[in-house]
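Spelled out, the chains give:
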Amino acid sequence: MRAGQILGALVGIGVFVQIFLGESRLAAGVFRDVHATIGLLGIAVVLAYVYNSRRSGIMVAAASIIAAITAVQAVMGLSLYGLLPLGISHQALEVSHRFAAYILFAGGIAVSVLAVVLRRQSAKPKA
C-alpha cells in the first residue's frame, strides 16, 4: 500500500470511530478524552494526506476541503469541551459538530472515489 492509501484509510477509520463514539454518547462520557485526542490527531493525519497528494492539484484541493472541515470540527469540539468559547448555544454546537462529522464521512468517501478515478486515469496508456 502507498502512503496516501494508508493515510486515507486512517482518516476513514478515524471518522467512523469518531461517529460511533459520538452517536453512542461515549464521546460525552467515559471516552471524552479519547474522542478529543483522536480528533486532534485527525488534523495531523488529514494534513499529511494533503501533503502526500501534492502531485495532483485536484487531489490537493479536495483533500484541503476535508482538512478545512476537520479543523472546523476540531474548533467546535474544543468549544464543546469548554476550552474555546464560540458564543453559540451548547445545543446548536452539538448539532453542528454532529452534522460536520457526517459531512466529513461523505466527503472522505468522495475524495477516496476521486483518488481511485485519478489513479486509473494516470495508469491508462496515453495514445
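Residues numbered from 1 in each chain as written. Predicted model: local features only at pLDDT ≥ 70, side-chain atom pairs only at ≥ 80, totals over all residues. Heavy atoms only, no water.

Trainee: Help me get a handle on the overall build of the protein, residues and values and all.
Mentor: Scanning the protein for helices and strands turns up 4 helices and 0 strands. Each helix and strand of the protein, ordered N terminal to C terminal, gives the series α-α-α-α. Along the first, second and third principal axes, the C-alpha set of the protein runs to 60 × 25 × 20 Å. The buried share among the 127 residues of the protein stands at 28%. Considering only contacts in the protein between residues 6 or more positions apart, those separated by 24 or more positions represent 58%. With an accessible surface of roughly 8200 Å², the protein has 71% of that area assigned to carbon and sulfur atoms. (Helix = DSSP H or I, 4+ residues; strand = E, 2+ residues; numbered from the N terminus. Buried < 20%, exposed > 50% of the residue type's maximum accessible area, 1.4 Å probe, protein only. Contact = heavy atoms within 4.5 Å. Areas by Shrake-Rupley, 256 points an atom, 1.4 Å probe, with all protein chains shown as cover.)

Trainee: Hey, could you go over the side chain of His-35 for me, with residue numbers and the actual values?
Mentor: Counting through the fold element by element, His-35 comes out in helix α2 (residues 32-52). When sequence neighbours within four positions are dropped, the list of residues in contact with His-35 reads Gln-18, Leu-21, Ala-27 and His-97.

Trainee: How would you summarise the environment of Leu-80 if you had to cite specific residues and measurements?
Mentor: Within the secondary structure, Leu-80 is located in helix α3 (residues 57-81). Exposure remark for Leu-80: the relative accessible area of 22% places this residue in the partly exposed category. The sequence separation of Leu-80 and Glu-94 amounts to 14 residues, and the corresponding C-alpha distance is 7.3 Å. Ignoring sequence-local partners within four residues, the contact set of Leu-80 consists of Arg-32, His-90, Leu-93, Glu-94 and His-97.

Trainee: Mind laying out the packing of aromatic side chains, listing which residues take part and the relevant values?
Mentor: Here the structure, examined in full by the defined rule, presents 0 aromatic pairs. Over the face of the ring belonging to Tyr-81 we find Arg-32, whose NZ or CZ atom lies 3.9 Å from the ring centre. The cationic tip of Arg-54 hangs over the ring face of Tyr-51; the distance from NZ or CZ to the ring centre is 4.1 Å. (Phe/Tyr/Trp six-rings, centres within 6.5 Å; stacked < 30°, edge-to-face > 60°. Lys NZ or Arg CZ within 6 Å of the ring centre and 35° of its normal.)

It is worth stressing that arrangement in space is one thing and function is another; only the former is reported here.
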